[in-house]
There are 2 protein chains.
Amino acid sequence: MEYPQTFNQLIECFKMLPGIGNKGAERMVYAILNMNPQQVEDFSKSLLDFKNNIHFCKKCGHICEDDICDICSDESRDQTTICIVESPKDVFAMEKLKEYHGLYHVLHGTISIMDGKTIEDLNIQSLFERLNENIKEVIIATNPTREGETTALFLAKLLAKENINTTRIANGLPIGSNIDYADELTLLKSLEGRKKI
Amino acid sequence: MEYPQTFNQLIECFKMLPGIGNKGAERMVYAILNMNPQQVEDFSKSLLDFKNNIHFCKKCGHICEDDICDICSDESRDQTTICIVESPKDVFAMEKLKEYHGLYHVLHGTISIMDGKTIEDLNIQSLFERLNENIKEVIIATNPTREGETTALFLAKLLAKENINTTRIANGLPIGSNIDYADELTLLKSLEGRKKI
C-alpha cells in the first residue's frame, strides 16, 4: 500500500526543509489534509508571493521587497560604518539591540572547505564597490565558528589592502554564564580580550 | 526592524503545521529563501495539486485520487469484513501488516468532549449504508485512548442494534516490553484478556 503520487510529492517537498525527515513530512502532509481548501490555497500562494517579492538588496544583500532595503535607503543612519554579517537573520538580531545605527553587508554564507565554498561564492564584490573615503569602520560580525573565523581573517586581509579600519566583534564569556562550565577556548578568548576597568 | 510582509505571511503559514512554533517557522522560511526559484514553484504547485487531487473515498473515507479508493475497488479483498479506524494513517499502518485482507472505514476523528465533537461529526453515515447481510464482522480499531475507547463503545452500541458481529482489537503488553515497567491499566487489560495456551 503506497501513498498516492501527489501525496508523496508533497512529502518530498516538506523533506527539503531543515530538520524534517520522512515521519515529520508525513505528519505535515496529514495536517495539510485536515486544513480547509482555502488555507491550502493561501499557503501555496504565500510561497509564490515570497519567491516573487522577496529579493536581496542590490547594495547590501539584505532581504527586501524593493531593489534597495529599508536600512540602505534610510539616510538618517550612520553612513560611515558597515557591519558584515553572514545572513539576513544576523541583521535582524543586530537590529533588535537598537544600539547599532550603521549599515550592513550580508555575505550569504562563509568560506567553507567542507562545502567547497570560496570567497568568490560570497556577496563580496558589491562590498568593495561600497568602500570609499566615507567609510570609517568595517565591523566583521561573522559567527565565531571555524568557517566564520576563516571568513573574518580572509576579509580582514582584503580590507587591510584597501586601508580600511577593520574591527572584529569580541569573543568571551556570555553574560549569566559560569566560568567553571565555560569551554577552554571561550575562557582563553575571554582572558586574551581582558580590558582595564 | 520587522520582516517584510510576504515574509511574515509565509511564517504564519508554516506555523499552522504541527509542532512548528515561531522560531521553527522562521527557520523554514529562511530555508525557502535559500532554495532555487524552481523548487519553491514546485513546492507551491505540489500544495495545489494535493488540494485538488487528494479526495476521501466516497465509500470508506480513505484518501485516494479517484472517487473510490484502491482498497474498496479491489474485488479480490474480503468483502465481508470492515475494519473501522480513526484516520487514513491507521489504514497504512494496518496494510503494512499484510495480514488483514478485508475492507476499511475511516471515521476521520473520534468523539471528543474537549473538542465538542459528537458521533455526528464523524464519517458514520456511509458506514451504516455499507452494512448489509454480506458483512460478517466489523472490527473496531480506534486508538486505545480515552476518545478512541468512547468512540468504540458508542459504535458498538449502534452496531448491536443492526445485529452485526462487532469485535474490538486487543489491549495488553506490547511485544518486547517489561511487566515491571508497564502501566497499571495496560497490565490489568493484559490480565483480563488472558487466553489459554
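Describing the sheet that holds strand β6 (residues 166-168) of chain B
Residues and elements named next belong to chain B.
Right, on to step 1. If you trace the four strands from one edge of the open sheet to the other, you get β4-β3-β5-β6, paired in parallel fashion. One side of each edge strand has no neighbouring strand; the edge strands of this open sheet are β4 (103-106) and β6. Ignoring strand direction, the axes of neighbouring strands in this sheet form an average angle of 25 degrees.
Right, on to step 2. The sheet contact formed by strand β3 (residues 81-85) and strand β5 (residues 137-140) spans four bridges and is parallel. What sits directly across from C83, in β5, is I139.
Right, on to step 3. Across the face of the sheet, helix α5 (residues 88-97) comes into contact with β3 and β4 while running at roughly 155 degrees to β4.
Right, on to step 4. Along the sheet, helix α7 (residues 146-161) contacts β3, β5 and β6; its crossing angle with β5, the most-contacted strand, is approximately 160 degrees.

Topic: the environment of D42 of chain A
Right, on to step 1. Turning to its location among the elements, D42 of chain A is positioned in helix α3 (residues 37-53).
Right, on to step 2. On a C-alpha basis, the gap between D42 of chain A and E26 of chain A in space is 20 Å, while along the polypeptide they are 16 residues apart.

A short note on the pattern of salt bridges
Right, on to step 1. Throughout the structure, instances matching the rule amount to twelve salt bridges over all chains.
Right, on to step 2. Where D49 of chain A meets K45 of chain A, a salt bridge forms, and the shortest distance between an N and an O atom there is 3.1 Å. Taken together, the residues D49 of chain A and K45 of chain A, both in helix α3 and four residues apart, mark about one turn of the helix.
Right, on to step 3. The exposure class of D49 of chain A is buried, given its relative accessible area of 18%.
Right, on to step 4. The residue R168 of chain B makes a salt bridge to E149 of chain B at a minimum N-O spacing of 3.3 Å.

Digging into the packing of aromatic side chains
Aromatic rings in a pair are described by how distant their centres are and how their planes are angled relative to each other.
Right, on to step 1. All chains considered together, the criterion is met by 14 aromatic pairs over all chains.
Right, on to step 2. Pairing F7 of chain A with F50 of chain B gives two aromatic rings, centres 5.6 Å apart and planes at 55 degrees, and the pair type is tilted. With one member in each of two chains, F7 of chain A in helix α1 (residues 5-15) and F50 of chain B in helix α3 (residues 37-53) form a pair that bridges those chains.
Right, on to step 3. What makes F50 of chain B buried here is its relative accessible area of 3%.
Right, on to step 4. Ring pairs connect the aromatic residues Y3, F7 and Y30 of chain A together with F50 and F92 of chain B, which therefore count as one cluster.

Let's talk about the relation of the copies chain A and chain B
Right, on to step 1. Least-squares fitting of chain A to chain B yields an RMSD of 0.0 Å, with the superposition described by an axial translation of 0.0 Å and a rotation of 180 degrees. In symmetry terms, the pair is related by a two-fold rotation axis. Closest approach to the rotation axis within chain A is made by the C-alpha atom of S44 of chain A, at a distance of 2.2 Å.
Right, on to step 2. When the interface residues of chain A are mapped onto chain B, 100% of them again fall at the interface, so both copies present the same face.

Overview of helix α1 (residues 5-15) of chain B
Right, on to step 1. Looking only at α1 of chain B, the buried set comprises T6, F7, L10, I11, C13 and F14 of chain B. The buried residues of α1 of chain B occupy an angular sector of 160 degrees when projected down its axis, which confines them to one face.

Remarks on the nonpolar core
Right, on to step 1. Counting 46 residues, the largest nonpolar core has F14, L17 and I32 of chain A together with F14, L17 and I32 of chain B as the members making the most contacts within it.
Right, on to step 2. For this core, the secondary structure elements donating two or more residues are α1, α2 (22-33) and α3 of chain A together with α1, α2 (22-34) and α3 of chain B.
Right, on to step 3. Residues in contact with I32 of chain A, not counting those within four places in the same chain, are L10, F14, V40 and F43 of chain A together with L17, L47 and F50 of chain B.

Looking at the interface of chain A and chain B
Right, on to step 1. Across the boundary between the two partners, chain A contributes 48 residues, which contact 48 residues of chain B.
Right, on to step 2. Considering only the surface of chain A that becomes buried against chain B, M1, L47 and F50 of chain A emerge as the three largest contributors, covering 15% of it.
Right, on to step 3. The interface formed by chain A and chain B includes two salt bridges.
Right, on to step 4. Taking the shortest distance from any N to any O, the salt bridge between E41 of chain B and K51 of chain A comes out at 2.8 Å.
Right, on to step 5. Across the chain A-chain B interface, the total number found is five residue pairs in polar contact (both at pLDDT 80 or more).

So, how was this worked out
- Residues numbered from 1 in each chain as written.
- Chains lettered and ligands numbered in written order.
- Predicted model: local features only at pLDDT ≥ 70, side-chain atom pairs only at ≥ 80, totals over all residues.
- Heavy atoms only, no water.
- Pairing = 2+ DSSP bridges.
- Helix = DSSP H or I, 4+ residues; strand = E, 2+ residues; numbered from the N terminus.
- Axes fitted to C-alpha atoms, helices over the stretch in contact; angles between N-to-C directions.
- Contact = heavy atoms within 4.5 Å.
- Salt bridge = Lys/Arg side-chain N within 4 Å of Asp/Glu carboxyl O.
- Buried < 20%, exposed > 50% of the residue type's maximum accessible area, 1.4 Å probe, protein only.
- Phe/Tyr/Trp six-rings, centres within 6.5 Å; stacked < 30°, edge-to-face > 60°.
- Least-squares fit on C-alpha atoms with pLDDT ≥ 70 in both.
- Arc of directions from axis to C-beta.
- Core = buried A, V, L, I, M, F, W, Y, C linked by side-chain atoms within 4.5 Å.
- Buried area = accessible area lost by both parts, 1.4 Å probe.
- Polar contact = N/O pair within 3.5 Å; in protein donor to acceptor, adjacent residues only side chain to side chain.

The quantities given are spatial measurements derived from coordinates; they are silent on function.
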